[in-house]
Amino acid sequence: MANRSRSPRARAVKLGARHSPLAQVVAGEIRERILAGRFAPGERLAEEPLSEELGVSRMPVREALRLLSAEGIVVVEPRRGASVASYAPQQVQELVEVRATLEGLNARLAARRHDPAQVAKLEKIVADGSRINERTELSVIQANNARFHEALEDIAANSVLSSMVRSLRDRTAILFARQSRARTRENWHEHEGILRAVIAGDAELAGILATRHVYNAAQMPTLAEVAPAAQREPRTKARQRAA
């Protein structure tokens, strides 16, 4: 009798609480397939085939597609439904330029504020990442890459920048996914260089390397002034004192 007395709103809240995690699980599965290249940019994501393939009803699929739309990986249009996001060449260039700039700022702040405990965490992530290779499962490659950048954010300790760069990473994830396996070793070699600059407290070099890393991952030419300056090695503490 008590159950019958519950208001429709209370029942809806409870139902939503049960369905939300399922939608997130479905979103994670669809995201992984998109980033693995199983769905091409611009390809339509029909709810019914997805629900049958994933063994769930259409409702969590619909909610998942909306979640992915908020990330910028999926586009949902009235009367046309959902499709994998695709970008024109000019949009790709603009997205990469902005992300490269923000990642560079993030690395510069991390080098200036290099908290020993946080840096130790970053060192472990880089050590673990050095064991990843082209044969590693793509989802593992991408998850470990995300761990590195998130740990660098923790050292930078700027919540506004963190929010902006994470949103941009979601939007650009599809741009970098195709090269992530082929560039596995190069990515971690570049991560190691950024780490060394952060440990040395060389904010300028850390920023340059992080910026160049984004351009390399996108397989785009970096800004003309970045490459020559990035050839320097991180300054040692002794050299910093002498400067």
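Residues numbered from 1 in each chain as written. Predicted model: local features only at pLDDT ≥ 70, side-chain atom pairs only at ≥ 80, totals over all residues. Heavy atoms only, no water.

**Comments concerning the sheet that holds strand 1 (residues 44-45)**
Then, number 1: If you trace the three strands from one edge of the open sheet to the other, you get 1-3-2, paired in antiparallel fashion. Only two strands of the sheet have a single neighbouring strand rather than two, namely strand 1 and strand 2 (74-77).
Then, number 2: Strand direction decides the pairing type here: strand 2 and strand 3 (residues 81-84), joined by four bridges, are antiparallel. Paired with V76 across the bridge in strand 3 is A82.
Then, number 3: Sheet contacts for helix 3 (residues 58-71): strand 1, strand 2 and strand 3; angle to strand 2, the most-contacted strand, approximately 115 degrees. (Pairing = 2+ DSSP bridges. Helix = DSSP H or I, 4+ residues; strand = E, 2+ residues; numbered from the N terminus. Contact = heavy atoms within 4.5 Å. Axes fitted to C-alpha atoms, helices over the stretch in contact; angles between N-to-C directions.)

**Some details on the pairing of strand 3**
Then, number 1: As paired elements, strand 1 and strand 3 share two bridges and run antiparallel to each other. Among the inter-strand pairings, L45 is bridged to a residue of strand 3, identified as A82.
Then, number 2: Taking the residues between adjacent antiparallel strands as the criterion, strand 2 and strand 3 are bridged by three residues, where R79 takes a positive phi near 70 degrees.

**A short note on the side chain of H213**
Then, number 1: Summarising the element assignment, H213 is placed in helix 9 (residues 203-217).
Then, number 2: In this structure the side chain of H213 is engaged in a polar contact, spanning 2.5 Å, whose partner is the side chain of E190.
Then, number 3: At 3.2 Å, the side chain of H213 forms a polar contact with the side chain of H191.
Then, number 4: Contacts of H213, omitting those with residues within four sequence positions, involve H149, N187, E190, H191 and I194. (Polar contact = N/O pair within 3.5 Å; in protein donor to acceptor, adjacent residues only side chain to side chain.)

**Thoughts on helix 3**
Then, number 1: The terminal C-alpha atoms of helix 3 lie 20 Å apart, and with 14 residues this matches the ideal 20 Å at 1.5 Å per residue to within 8%.
Then, number 2: Directly after helix 3, the chain includes G72, whose backbone phi takes a positive value near 90 degrees. (Expected span 1.5 Å × (residues − 1).)

**Re the pattern of salt bridges**
Then, number 1: Under the defined criterion, the tally for this structure stands at 17 salt bridges.
Then, number 2: Close ionic contact of R99 with E103 constitutes a salt bridge, the shortest N to O distance being 3.2 Å. Remark: E103 and R99 occur in helix 4 (residues 89-112); sequence separation between them is four residues, near one turn of the helix. For the pair R99 and E103, one class covers both residues: buried. (Salt bridge = Lys/Arg side-chain N within 4 Å of Asp/Glu carboxyl O. Buried < 20%, exposed > 50% of the residue type's maximum accessible area, 1.4 Å probe, protein only.)

**Quick word on the confidence of the model for the protein chain**
Then, number 1: Looking at the protein chain as a whole, its pLDDT mean stands at 82, while 81% of the residues score no less than 70.
Then, number 2: Least confident of the elements in the protein chain is helix 10 (residues 226-229), whose mean pLDDT is 40; most confident is helix 9, at 95.
Then, number 3: The low-confidence segment residues 1-19 (pLDDT under 50) makes four contacts with residues lying over four places distant or belonging to another chain.
Then, number 4: A low-confidence stretch, residues 223-243 stays under pLDDT 50, and its non-local contacts, those more than four residues away or across chains, total 29 contacts. (pLDDT = per-residue confidence, 0-100.)

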